[in-house]
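Each chain is listed here by its residues.
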Amino acid sequence: MSQPEILETLASLRARVRAWRAAGETVALVPTMGALHAGHISLVQLAKSRASRVLVSIFVNPTQFAPNEDFSKYPRTFDADKEKLAQAAADAIYAPQPAEMYPPGFSTTVSLTGPAAAGLEDRFRPTHFAGVATVVSKLHIQAMPDIAIYGEKDFQQLAVIRQMTRDLDLPIEVLGGETIREADGLALSSRNVYLDAAQREAAPLLNATMHESAARIRAGEASEIVMAEGRAKIAAAGFALDYLELRDAISLGAPDIALDKPLRMLVAAKIGVTRLIDNIAV
Ligand code: AMP
């Protein structure tokens, strides 16, 4: 099994991609914050099916965490990540230091409206998507891959990145990969390690409630009533609910159920100190 090449500097990343391009290779980028699990690896597999070279970035991006969030305790498992990426046959890992991404005097932020202002994550993490879009635009420009792959697990993020990549004319195809789950429906997340046994047992209720609610809406029940009951059920199970919403799957705006357009149900809730998010097609 060959080991992926480790690239720690922008100069080494650019040299690697330039050499691939000179050899006629196509390049897919899979951005991550590390603590890799089967969800991330599924994105690497999708990347391998779509490009001849796969580059995975591992960077815990400080600018997308608010001061009260878990930046300092976010799991960092580089050696295990490297092993998983070797098994998945990724070609290279880009793992820059924070000072490589944000040198002293760094002064630029990508400013967003549209899907980033849909009133979902942005209501509870008002600075989050500016940090995501800034680091993702840097990664897209630094690597300039043919394809960049993101998980549907972070559905609003995927919409923000699609819009930003299009608006900035970056010649990169953004692809979404489906959410990988535990057998009981809990979406895999690097933050699931924070859950204690009782919380882990309760956590699948979010996904189960969305599926029940979606089935009732598809069967013709009034969505306002179904969604209100879903919110009450999640709160009664001990979660601190941020939102449970039914939205247009493309714009993330208010849905028009009569128009038969694709819909998405999205949830965010805290259990103890751990904030979980999930979403499903309706
Ligand atoms: P993160 O390391 O959490 O920033 O995630 C890196 C990428 O993996 C993002 O595009 C996520 O949407 C994606 N991802 C996270 N969890 C999953 C999952 N359970 N299934 C598929 N993709 C995921």
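Remember, predicted model here, so these are calculated numbers, not experimental data.

Regarding the overall build of the chain
Here is step 1: When you go through the chain residue by residue, the secondary structure sums to 10 helices and 9 strands.
Here is step 2: Taking 2.2 N^0.38 as the reference for a compact globule, 282 residues should give roughly 19 Å; the C-alpha atoms of the chain span a radius of gyration of 19 Å, in line with that estimate.
Here is step 3: Expressed along its principal axes, the backbone C-alpha trace of the chain runs to roughly 55 × 40 × 40 Å.
Here is step 4: A burial count over the chain gives 52% of its 282 residues as buried.
Here is step 5: If you sum the accessible surface of the chain, you get close to 13,000 Å²; carbon and sulfur atoms cover 54% of it.

Some thoughts on the site of the ligand
Here is step 1: Near the ligand there are 16 residues, and of these M33, G151, D154, I180 and L188 occur at the shortest range.
Here is step 2: In the environment of the ligand, a nitrogen atom lies 2.9 Å from a nitrogen or oxygen atom belonging to the backbone of I180.
Here is step 3: Taking L188, its main chain carries an N or O atom lying 2.9 Å from a nitrogen atom of the ligand.
Here is step 4: The fraction of the free accessible surface of the ligand (490 Å²) that becomes covered by protein chains is 92%.
Here is step 5: Sorting the residues of the shell around the ligand by element identifies β2 (27-32), α2 (38-50) and β5 (147-151) as the ones contributing at least two each.
Here is step 6: Element by element, the count of residues in the shell around the ligand is highest for α2, at 3 residues.
Here is step 7: A breakdown of the residues in the shell around the ligand according to their chemical character gives 7 nonpolar, 6 polar and 3 charged.

Structural notes on the sheet that holds strand β7 (residues 240-248)
Here is step 1: Strand order in the open sheet made by the 3 strands is β7-β8-β9, with antiparallel pairing throughout. At either margin of the open sheet sits one strand with a lone partner, and together these are β7 and β9 (274-281). Recorded for the sheet is a direction-independent mean angle of 10° between the axes of neighbouring strands.
Here is step 2: For β7 and strand β8 (residues 263-271), the ladder comprises 8 bridges, and the chain directions are antiparallel. In the sheet register, L244 faces β8, and the bridge partner there is V267.
Here is step 3: Its contacts with the sheet put helix α10 (residues 223-236) on β7 and β8, and the angle it makes with β7 is roughly 155°.

Some details on unusual backbone geometry
Here is step 1: Positive phi, close to 40°, is recorded for M144, a residue that is not glycine.
Here is step 2: Along the polypeptide, M144 turns up in the loop between α6 (128-143) and β5.
Here is step 3: Exposure remark for M144: the relative accessible area of 32% places this residue in the partly exposed category.
Here is step 4: One non-glycine residue, L252, lies in positive phi territory at about 65°.
Here is step 5: Residue position: L252 is located in the loop between β7 and β8.
Here is step 6: A relative accessible area of 0% places L252 in the buried class.

Description of the sheet that holds strand β3 (residues 53-58)
Here is step 1: Sheet architecture is open: 6 strands sit in the order β1-β4-β3-β2-β5-β6, paired in parallel fashion. Pairing within the sheet leaves two strands with one partner each, and these edge strands are β1 (5-7) and β6 (173-177). Averaged over neighbouring strand pairs, the angle between their axes works out to 25° when direction is ignored.
Here is step 2: Direction of pairing for β2 relative to β3: parallel, over a ladder of 6 bridges. Considered in β3, the bridge of V30 is made with V56.
Here is step 3: Sheet strands in contact with helix α7 (residues 155-167) are β5 and β6, and its direction is about 170° off that of β6.

Definitions and limits used
- Residues numbered from 1 in each chain as written.
- Predicted model: local features only at pLDDT ≥ 70, side-chain atom pairs only at ≥ 80, totals over all residues.
- Heavy atoms only, no water.
- Helix = DSSP H or I, 4+ residues; strand = E, 2+ residues; numbered from the N terminus.
- Rg over C-alpha atoms; globule rule 2.2 N^0.38 Å.
- Buried < 20%, exposed > 50% of the residue type's maximum accessible area, 1.4 Å probe, protein only.
- Areas by Shrake-Rupley, 256 points an atom, 1.4 Å probe, with all protein chains shown as cover.
- Near = heavy atom within 4 Å.
- Polar contact = N/O pair within 3.5 Å; in protein donor to acceptor, adjacent residues only side chain to side chain.
- Nonpolar A, V, L, I, M, F, W, Y, C, P; charged D, E, K, R; others polar.
- Pairing = 2+ DSSP bridges.
- Axes fitted to C-alpha atoms, helices over the stretch in contact; angles between N-to-C directions.
- Contact = heavy atoms within 4.5 Å.

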